[in-house]
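Coordinates in review
Listed below, chain by chain, are the residues.
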Amino acid sequence: MKVRASAPGKAILFGEHAVVYGKPAIAVAVDKRARVTIKEGTNDNTEVKIPKLDIDAVINHETGLVTRVNGSQLEPCKFDAGIMEYIQVALSQLGTPLDGLKVEVDLEIPIGAGLGSSAAITVATLAAAARYTQEEMTLETLAHTAHQVELQVQGAASPLDTTVSTKGGFVYFTREKGALKIKPALEMPLVVGYTSQPGNTGALVEGVRQLREAHPTIVNPILEVMEDLTNQARESIIQGEEKEVGELMNINQGLLDALGVNTDELSRLVYRARHAGALGSKLTGAGGGGSIIAYCPGKTREVLEELESIENAFQVGISSQGVTW
Ligand code: PMV
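Keep in mind that what you see is a predicted model, and the values were worked out from it rather than measured. (Residues numbered from 1 in each chain as written. Predicted model: local features only at pLDDT ≥ 70, side-chain atom pairs only at ≥ 80, totals over all residues. Heavy atoms only, no water.)

**Some details on the packing of aromatic side chains**
Under the criterion given, the structure shown has one aromatic pair. Taking the centre distance of 5.8 Å and the plane angle of 65° together, the rings of Tyr-194 and Phe-314 count as edge-to-face. Here Tyr-194, found in strand β9 (residues 190-194), pairs with Phe-314, found in strand β12 (residues 312-316); they are 120 residues apart in sequence, far enough to count as distant. The exposure class assigned to Phe-314 is buried, which follows from its relative accessible area of 14%. One cation-aromatic arrangement involves Arg-234 over Tyr-172; the distance from NZ or CZ to the ring centre is 4.1 Å. Positioned over the ring face of Tyr-271 is Arg-274, at 5.1 Å from the centre of the ring. (Phe/Tyr/Trp six-rings, centres within 6.5 Å; stacked < 30°, edge-to-face > 60°. Helix = DSSP H or I, 4+ residues; strand = E, 2+ residues; numbered from the N terminus. Buried < 20%, exposed > 50% of the residue type's maximum accessible area, 1.4 Å probe, protein only. Lys NZ or Arg CZ within 6 Å of the ring centre and 35° of its normal.)

So this is what it looks like as structure tokens:
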């Protein structure tokens, strides 16, 4: 038997970091996906191939140890080890023990770029594994289980990435209500520019926690303002107010800088995007490296060219399609 599942990456437009403290966030599923194929293997170990990352690894069914097919260790400083852990933990969540598989991941989303690659891989792996074992799983259970996997692997994570990757679309997210779909009354031409440096989400979330603990009377109001900002942004998106959406993104960038998650490389991309005509630009995701997102009505080509001249950049479309399985 051979089964397939896929799930989209995401970009956060407003409210990252604040969402960890129960504040709302606005995010979109993007038209770049992780596609996972699972079929029966040739022995009891599970083989995992991710051609884009040059990963060809084996999970030993007795020890759980992950090695390259040629027997050498995965290098923890590279992304391999991290990504393998999401897959390994995801495969262990099913009611039926899963050994002796061939798993192949086709990845369009850049890794460590703040675009939700780990969530997409986790959601798609879980969905494919559920198909393989013919286990019934609702979208709610899938999103919840994927979040548990992220928590186990990275320590701290809000359910935002895994929810958006499961459900797709343009969403306003709160912990109490989950993902509510937004109907934008404007086009959302978005360009992503990503730095060569990956951000470490767990470490950045921890940094904000420490800053908040050290300066509660300063940091808590910043988080409150982020909440107001995200709520206003939602209204502006629904009302089709382009200029306001851009302005709010720029303010959000300033607040993220105040939380200590900006870098000089991200700042450079943010300002270059604005100079090239973006109405708004900000880091997206955890920061500390990773990506910026630029909102550029009528200026997509100019912004793309400008960012491409310094770093990797691409246009992203919004995907209404969440997980498919
Ligand atoms: O860097 P990403 O794509 O994992 O996004 C992290 C978003 C945070 O709000 C910083 C953390 C979270 O779990 O929501």
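Let us keep going from here.
**Comments concerning the confidence of the model for the chain**
When pLDDT is averaged along the chain, the result is 92, and 96% of the positions lie at 70 or above. In the model output, the complex is listed with pTM 0.90 alongside ipTM 0.98. (pLDDT = per-residue confidence, 0-100.)

**A look at the domain arrangement of the chain**
Taken as a whole, the chain is organised into domain 1 (2-180) and domain 2 (184-316). Of note, the centres of domain 1 and domain 2, computed from C-alpha atoms alone, are 24 Å apart. Listed per partner, the contact involves 29 residues of domain 1 and 41 residues of domain 2. When the two sides are added together, the surface that domain 1 and domain 2 hide from each other amounts to roughly 2800 Å², 72% of it contributed by carbon and sulfur. Looking only at domain 1, the three residues that lose the most surface to domain 2 are Phe-14, His-17 and Tyr-21, adding up to 26% of its buried area. Among the salt bridges present, the one from Lys-23 reaches Glu-224, with a minimum N-O distance of 3.3 Å. The interface formed by domain 1 and domain 2 includes eleven residue pairs in polar contact (both at pLDDT 80 or more). When residues of the side of domain 1 that touches domain 2 are traced back to their parent elements, those giving at least two are β1 (2-14), β2 (25-40) and β7 (170-174). Element by element, the count of residues in the side of domain 1 that touches domain 2 is highest for β2, at six residues. Of the residues assigned to the side of domain 1 that touches domain 2, the class counts are 20 nonpolar, five polar and four charged. (Domains from an automatic or database assignment. Contact = heavy atoms within 4.5 Å. Buried area = accessible area lost by both parts, 1.4 Å probe. Salt bridge = Lys/Arg side-chain N within 4 Å of Asp/Glu carboxyl O. Polar contact = N/O pair within 3.5 Å; in protein donor to acceptor, adjacent residues only side chain to side chain. Nonpolar A, V, L, I, M, F, W, Y, C, P; charged D, E, K, R; others polar.)

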